[in-house]
Amino acid sequence: MSKDGSDKGMGPSTGLVTKTKPKTKRPSLYKVLMLNDDYTPMEFVVHVLQQFFNKNREDATRIMFQVHNNGVGLCGLYTYEVAETKVTNVMDFARRHQHPLKCTIEKES
Ligand code: TYC
């Protein structure tokens, strides 16, 4: 009860504290996958992996060979908007250099 006599219908305090769970959900992540083709030069792919996916030369080379040998390779995991932007920017860059390099997005299970 407050000093003015109103208790706003709350009754006596029971000392019970109810916690509300913070409702922050982690965003879903998406894989950006690079696809092999017969024409894009290996050095160009390594350059793309360094410039657009912040890989060092060693990791970039490993991923490039993974794609070259297996048809597909993982460039990174990002939120949807970031993944989409990477794919657009990479394919734009490749097209401007007249290479057929392709990337795709796949939802992380
Ligand atoms: N297969 C290409 C070549 O032999 C190299 C390559 C690697 C192309 C990875 C695309 O995503 C790629 N020149």
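What you see is a predicted model, and the numbers here were worked out from it, not measured in a lab.

(A) Local environment of the sheet that holds strand β2 (residues 72-78). What the three strands build is an open sheet, ordered β2-β1-β3; its pairing is antiparallel. Of all strands in the sheet, those with a lone pairing partner are β2 and β3 (102-107), marking the two edges. Between one strand axis and the next, the sheet turns through 30° on average, direction left out of account. Direction of pairing for strand β1 (residues 30-35) relative to β3: antiparallel, over a ladder of six bridges. Bridging from a neighbouring strand, Val-32 pairs with Ile-105 of β3.

(B) Representation of the nonpolar core. One finds Val-32, Met-34, Val-48, Leu-49, Phe-53, Val-90 and Leu-101 to be the most contacted residues of the largest nonpolar core, which totals 24 residues. It is helix α1 (residues 42-53) that contributes the most residues to this core, seven residues altogether.

(C) Layout of unusual backbone geometry. Located in the positive-phi region is Asn-54, a residue other than glycine, with phi close to 55°. Summarising the element assignment, Asn-54 is placed in the loop between α1 and α2 (57-70). Asn-54 gets classed as exposed once you look at its relative accessible area, which sits at 63%.

(D) Spotlight on the confidence of the model for the chain. Scored by pLDDT, the chain comes out at a mean of 90, with 87% of its residues at no less than 70. Note that pLDDT drops below 50 for residues 1-10; the model gives that stretch two contacts with residues more than four away or on any other chain.

(E) Structural view of the site of the ligand. Taken together, Met-34, Leu-35, Asn-36, Asp-37, Thr-40, Met-42, Val-45, Met-64, Val-67, His-68 and Leu-101 form the complete shell of residues around the ligand. Here a nitrogen atom of the ligand and a side-chain polar atom of Asn-36 are 2.8 Å apart. Between the ligand and the protein, one listed contact pairs a nitrogen atom with a backbone N or O atom of Asp-37 at 2.7 Å. Relative to its unbound accessible surface of 350 Å², the ligand loses 88% to contact with the protein. Of all elements in the fold, only β1, α1 and α2 reach the threshold of two or more residues within the shell around the ligand.

Analysis parameters
Residues numbered from 1 in each chain as written. Predicted model: local features only at pLDDT ≥ 70, side-chain atom pairs only at ≥ 80, totals over all residues. Heavy atoms only, no water. Pairing = 2+ DSSP bridges. Helix = DSSP H or I, 4+ residues; strand = E, 2+ residues; numbered from the N terminus. Axes fitted to C-alpha atoms, helices over the stretch in contact; angles between N-to-C directions. Core = buried A, V, L, I, M, F, W, Y, C linked by side-chain atoms within 4.5 Å. Buried < 20%, exposed > 50% of the residue type's maximum accessible area, 1.4 Å probe, protein only. pLDDT = per-residue confidence, 0-100. Contact = heavy atoms within 4.5 Å. Near = heavy atom within 4 Å. Polar contact = N/O pair within 3.5 Å; in protein donor to acceptor, adjacent residues only side chain to side chain. Areas by Shrake-Rupley, 256 points an atom, 1.4 Å probe, with all protein chains shown as cover.

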